[in-house]
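A closer look at the structure
Next come the chains, spelled out residue by residue.
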Amino acid sequence: MSTAEGSNPSPQRAADDLHVVAPQLRELRRRASLTLEAAARAAGLSPAHLSRLETGQRQPSLPMLLALARIYGTTVSELLGETVVERDAVVRAADMEPTAAGGWTYWQAGASGRGMQALRVHVPYGSQGDIVRVHPGEEWLHVLRGRLRLRLGDTAQVLAPGDSAHFDSLTPHRIAAADRDGAELLFVHTLLQSPTAALCLGPATGHPTLGETP
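Here we summarise the structure given alongside this text. (Residues numbered from 1 in each chain as written. Predicted model: local features only at pLDDT ≥ 70, side-chain atom pairs only at ≥ 80, totals over all residues. Heavy atoms only, no water.)

Paired through backbone hydrogen bonds, the strands of a sheet run either parallel or antiparallel to each other. Here six strands make up an open sheet; going across it, the order is β1-β2-β3-β9-β4-β7 and the pairing antiparallel. Sheet topology places β1 (99-101) and β7 (164-168) at the edges, where each strand pairs with a single neighbour. Strand-to-strand twist in this sheet, taken as the mean axis angle between neighbours without regard to direction, amounts to 25 degrees. As paired elements, strand β4 (residues 138-145) and β7 share five bridges and run antiparallel to each other. Bridged to E139 within β7 is F167. (Pairing = 2+ DSSP bridges. Helix = DSSP H or I, 4+ residues; strand = E, 2+ residues; numbered from the N terminus. Axes fitted to C-alpha atoms, helices over the stretch in contact; angles between N-to-C directions.)

What follows is the structure in structure tokens.
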């Protein structure tokens, strides 16, 4: 499955989304009763970097949004200020508007407020390839187009279209597109129900953390 031509959001739309994200990040952190330092540590960010995200001085990447959504017990949709009136069981393709974050593009493929979040994601070549993540939960992905490099712990795999992976998110992991045109995949992950559940984990020892985008 390929991304339709012209489906990427306009620069103004992306700017508007980011304008909404900053106050949402601050409000959701405070709602979760987390200090800036505690939330940053759980997400593998520096307090200064998280502060810049909350004040709109830096743009969050999709992996950062996913990590913060887990920590705050919410969804990327809520971080972006999107609201869903009711939880429809069916999500129509025409209703899946693309959102850009840190070079990634994603489409909500499921309803907000559920125990799992489903996304269709375009992973650009070379983006976030050296970022290793560790957090509670499970992840499942299925490659639709292109090839995906997946590192789980000490093993590395190249996934082709039609291949899937299902793993515990406590295993240090990272993904990157193996082809210049990027990779497109279906991605499902569980959301943390308790914002304090990840505070004792911290970043994976000996690995880069989910911080500044290279």
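Now that the structure has been shown, the text picks up again.
Another point: the sheet that holds strand β6 (residues 155-159). Judged by pairing direction, the sheet is antiparallel, and its three strands sit side by side in the order β6-β5-β8 without closing on themselves. Each having just a single partner strand, β6 and β8 (173-177) make up the two edges of the open sheet. If you compare each strand with its neighbour and ignore which way they point, the axes differ by 15 degrees on average. Alignment of strand β5 (residues 148-152) against β6, held across five bridges, turns out to be antiparallel. Residue pairing in the sheet places R149 in a bridge with V158 of β6.

Here the focus is the nonpolar core. Counting 42 residues, the largest nonpolar core has L50, Y72, V121, L141 and L148 as its most contacted members. The biggest single contributor to this core is helix α4 (residues 62-71), with seven residues. Setting aside anything within four residues of it in sequence, one finds L148 in contact with V123, L141, V143, Q157, V158, L159, I175, A176, A177, A178, A183 and L185. (Core = buried A, V, L, I, M, F, W, Y, C linked by side-chain atoms within 4.5 Å. Buried < 20%, exposed > 50% of the residue type's maximum accessible area, 1.4 Å probe, protein only. Contact = heavy atoms within 4.5 Å.)

Right, let's talk about the environment of S61 for a bit. Tracing the backbone shows S61 in the loop between α3 (47-54) and α4. Judged by relative accessible area, which is 1%, S61 ranks as buried. Between the C-alpha atoms of S61 and W104, which are 43 residues apart in sequence, the distance is 7.2 Å.

Turning to its location among the elements, V123 is positioned in strand β3 (residues 116-123). C-alpha of V123 to C-alpha of A183: the two residues are 60 residues apart in sequence and 5.2 Å apart in space. Dropping the residues within four chain positions of it, V123 is found in contact with W104, L148, I175, A176, A177, G182, A183 and L185.

A few words on α4. By the criterion of burial, α4 is predominantly enclosed, with ten of the ten residues buried. Among the residues making up α4, those that are buried are L62, P63, M64, L65, L66, A67, L68, A69, R70 and I71. Looking one or two residues beyond α4, the residue adopting positive phi is G73, at roughly 65 degrees.

Our next topic: the packing of aromatic side chains. Throughout the structure, instances matching the rule amount to zero aromatic pairs. Directly above the aromatic system of W107 lies the positively charged group of R120, at a separation of 4.1 Å from the ring centroid. (Phe/Tyr/Trp six-rings, centres within 6.5 Å; stacked < 30°, edge-to-face > 60°. Lys NZ or Arg CZ within 6 Å of the ring centre and 35° of its normal.)

What follows is about the packing of helix α2 (residues 36-43) against α3. It is the contact of α2 with α3, at a shortest axis distance of 8 Å, that shows an interaxial angle of 105 degrees. Compared by their axis directions, α2 and α3 come out roughly perpendicular. Across the interface between the two elements, L36, E37, A39 and A40 from α2 touch P47, L50, S51 and E54 from α3. Taken together, the residues of the contact of α2 with α3 sort by class into five nonpolar, one polar and two charged. (Parallel < 35°, antiparallel > 145°, perpendicular 65-115°, else oblique. Nonpolar A, V, L, I, M, F, W, Y, C, P; charged D, E, K, R; others polar.)

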